[in-house]
Amino acid sequence: MIRSVSRLVDPHGRTVRYLRLSVTDRCNLRCLYCAHALGMTFIPHENILSYEEMLQLVAAAVDLGIDKVRLTGGEPFARKGFSGFLERLRAAHPELDLRITTNATLLTPHLQLLRDIGVNALNISFDTFRQETFRQITGSSLYHEAEKGLQAALASGIRVKINAVALKGVNDGELPAFLELLSLHPVDVRFIEYMPLGGRGRWTEGNFWSAPRVLEAVGRLARLTPVPAGQDGHGGPARLYEVEGAQGRFGVITPLSNHFCGSCNRLRVTSDGRLRTCLFSDVEYPFRDMLRDPAQGIVAVSGLITSALADKPLGYKLLQNRREQSAVIARGMSSIGG
């Protein structure tokens, strides 16, 4: 892929090339680390961006220099017509690095299409290999559907990354199962530190399992060799490690214990048409009404994106200031887009 010159450079010298676009806040799981677990009210359908509006937005973002788009939710496959949207998006942008984050429960019937249109990678949220623990985490009995979707994705030939939220006292005994998966498949498994989001939810110091402690536990089970920064081939926030004797790699994502703000290259758009320049900031730039106004439209939205970037903060400074607060940010991840 030939990269165009990005017009999106923030005051800290970071070039933005990555857009995370939430297509829905709906999800069929109620994970304990997500606001849905607390009975969150869904965004009314009329306030959700239409697929046509999302296509306009992506086209404008690509014109500004975005070359990687991740479609998230909620659960993106829970939205009716998502597969058709994917086909239209790929047809409009054949060179775009197109990725999807999913919980895999609805994934299996769509995998052939994803292969056909050339989806570049799947991030699968999968926290446990135990059915009862899955029910404890997600409030759902859909473990077998999720595990089936994961296995089908691994067999599909599409690049797969697995994201697990590190939950002390919940899934901290399952590292051997994740390491066994790495021995069988060339995937990246990344444990993500549990963040207090959406009014804190069920987050407590007691169930926070820090990345250093995760790595310490993995190191007792396998020999790890750090993958040098810039040579990991993924360009994301994970710190990756080769695992001796394994096909895959283990990683940690450390939003709380070791920030990665210096390399942040992303913008987020919520399903109701709000731009967020930083995950850890509650500052949002609503553009849905602007986009729907014939007198403003996508040209005005493009201007909003470039002007908002001028205020893109360093998230770690926001985290330092929230030490005595109840949560990192007010919105839950299902509403922002995972």
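Residues numbered from 1 in each chain as written. Predicted model: local features only at pLDDT ≥ 70, side-chain atom pairs only at ≥ 80, totals over all residues. Heavy atoms only, no water.

Colleague: Teacher, can you tell me more about the overall build of the chain here?
Modeller: Secondary structure summary: the chain contains 11 helices and 12 strands in total. Out of the 338 residues in the chain, the part that is buried amounts to 58%. Looking at the chain alone, contacts between residues at least 24 apart form 72% of all its contacts between residues at least 6 apart. Per element, the accessible surface of the chain, about 14,300 Å² overall, is 51% carbon and sulfur. (Helix = DSSP H or I, 4+ residues; strand = E, 2+ residues; numbered from the N terminus. Buried < 20%, exposed > 50% of the residue type's maximum accessible area, 1.4 Å probe, protein only. Contact = heavy atoms within 4.5 Å. Areas by Shrake-Rupley, 256 points an atom, 1.4 Å probe, with all protein chains shown as cover.)

Colleague: Is there a simple way to think about the nonpolar core in this case?
Modeller: Nonpolar side chains in soluble globular proteins tend to end up buried together. In terms of nonpolar packing, the biggest core is built from 87 residues, with Leu 71, Leu 114, Phe 191 and Phe 250 touching the most fellow members. When residues in this core are grouped by element, the largest group, seven residues, is from helix 1 (residues 51–64). Excluding residues that lie within four positions of it along the chain, Phe 250 makes contacts with Leu 175, Leu 182, Val 189, Phe 191, Val 214, Leu 215, Val 218, Arg 239, Leu 240, Tyr 241 and Val 243. (Core = buried A, V, L, I, M, F, W, Y, C linked by side-chain atoms within 4.5 Å.)

Colleague: So what exactly am I meant to see when it comes to the packing of helix 1 against helix 9 (residues 297–309) here?
Modeller: The axes of two packed helices give the description: the angle between them and the distance between them. It is at 10 Å that the axes of helix 1 and helix 9 come closest, and there the two elements cross at 50 degrees. On the basis of the axis angle, helix 1 is oblique to helix 9. Between helix 1 and helix 9 lies a crossing of right-handed hand. Residue-level contacts link Gln 56, Leu 57, Ala 60 and Leu 64 of helix 1 to Ile 298, Val 301, Ser 302, Ile 305 and Thr 306 of helix 9. When grouped by side-chain class, the residues that make up the contact of helix 1 with helix 9 number six nonpolar, three polar and no charged. (Axes fitted to C-alpha atoms, helices over the stretch in contact; angles between N-to-C directions. Parallel < 35°, antiparallel > 145°, perpendicular 65-115°, else oblique. Left-handed = near helix turned anticlockwise from the far one by under 90°. Nonpolar A, V, L, I, M, F, W, Y, C, P; charged D, E, K, R; others polar.)

Colleague: For this particular structure, what's the right way to read helix 1?
Modeller: An α-helical segment advances 3.6 residues per turn. Residues three or four places apart therefore align on the same side. Taking 1.5 Å per residue as the helical rise, helix 1 with its 14 residues ought to reach 20 Å, and the 20 Å between its terminal C-alpha atoms agrees with that figure. Two residues or fewer after helix 1 comes Gly 65, characterised by a positive phi angle close to 120 degrees. (Expected span 1.5 Å × (residues − 1).)

Colleague: What is the right way to look at the packing of aromatic side chains in this model?
Modeller: Two aromatic rings, taken as a pair, are described by how far apart their centres are and by the angle between their planes. This structure, assessed with the given rule, holds 11 aromatic pairs. Where Tyr 51 meets Phe 85, the ring centres are 4.8 Å apart and the plane angle is 15 degrees; that geometry is what we call stacked. With Tyr 51 in helix 1 and Phe 85 in helix 2 (residues 82–92), this residue pair connects regions lying 34 residues apart in the sequence. One exposure class covers both Tyr 51 and Phe 85, and it is buried. Pairwise contacts between aromatic rings join Phe 126, Phe 129, Phe 134, Tyr 143, Phe 178, Phe 191, Trp 209 and Phe 250 into one cluster. (Phe/Tyr/Trp six-rings, centres within 6.5 Å; stacked < 30°, edge-to-face > 60°.)

Colleague: What am I meant to see in the environment of Val 189 here?
Modeller: Of note, Val 189 is situated in strand 6 (residues 188–193). Residue classification places Val 189 among the buried residues on the basis of a relative accessible area of 0%. Note: C-alpha distance between Val 189 and Leu 240 (51 residues apart in sequence) is 8.9 Å. Ignoring anything within four residues of it in the chain, the contact list for Val 189 reads Ile 162, Phe 178, Leu 181, Leu 182, Arg 249, Phe 250 and Gly 251.

Colleague: Teacher, can you tell me more about the pairing of strand 2 (residues 68–72) here?
Modeller: In summary, the side chains of a regular strand alternate between the two faces of the sheet. Of all five residues in strand 2, five are buried, a share of seventy percent or more. By the alternation rule, side chains of strand 2 split into Lys 68, Arg 70 and Thr 72 and Val 69 and Leu 71, which are all buried. By the bridge criterion, five bridges tie strand 1 (residues 18–22) to strand 2 in an arrangement that is parallel. Paired with Arg 20 across the strands is Arg 70, a residue of strand 2. Here four bridges tie strand 2 to strand 3 (residues 97–102), and the two strands are oriented parallel to one another. Directly across from Leu 71, in strand 3, lies its bridge partner Ile 100. With respect to chirality, the unit in which strand 2 leads through helix 2 into the neighbouring parallel strand 3 is right-handed. (Pairing = 2+ DSSP bridges. Right-handed = clockwise from strand over helix to strand, strands pointing away.)

Colleague: How do you make sense of the side chain of Arg 90 when you look at a structure like this?
Modeller: Residue placement: Arg 90 occurs in helix 2. Of the side chains bearing the opposite charge, Asp 97 lies closest to the buried Arg 90, which forms no salt bridge; the N-O distance is 6.5 Å. Within the structure, the side chain of Arg 90 is placed 2.8 Å from the backbone oxygen of Gly 118, a separation counted as a polar contact. If we ignore the near neighbours within four places in the chain, the residues touching Arg 90 are Glu 95, Leu 96, Leu 98, Ile 117, Gly 118, Val 119 and Asn 120. (Lys, Arg positive; Asp, Glu negative; His and termini not counted. Salt bridge = Lys/Arg side-chain N within 4 Å of Asp/Glu carboxyl O. Polar contact = N/O pair within 3.5 Å; in protein donor to acceptor, adjacent residues only side chain to side chain.)

Colleague: Any chance you could explain the sheet that holds strand 12 (residues 285–286) here in plain terms?
Modeller: Two strands in a sheet stick together by hydrogen bonds in their backbones, pointing the same way (parallel) or opposite ways (antiparallel). The strand order across the open sheet formed by 12 strands is 7-8-9-6-5-4-3-2-1-10-11-12, and the pairing between neighbours is mixed. Sheet topology places strand 7 (224–226) and strand 12 at the edges, where each strand pairs with a single neighbour. Strands in contact with helix 1 are strand 1, strand 2 and strand 10 (266–269); relative to strand 1, the strand with the most contacts, it is inclined by about 170 degrees. The strands touched by helix 6 (residues 175–184) are strand 5 (159–166), strand 6, strand 8 (239–243) and strand 9 (249–253); relative to strand 6, the strand with the most contacts, the crossing angle is about 150 degrees.

Colleague: When you look at the pairing of strand 3 in this model, what are you seeing that I'm missing?
Modeller: A large share of strand 3 lies buried, amounting to six of its six residues. Sheet topology note: the strand 3/strand 4 (residues 121–125) ladder contains four bridges and is parallel. When the sheet's bridge partners are listed, Thr 101 is paired in strand 4 with Asn 123.

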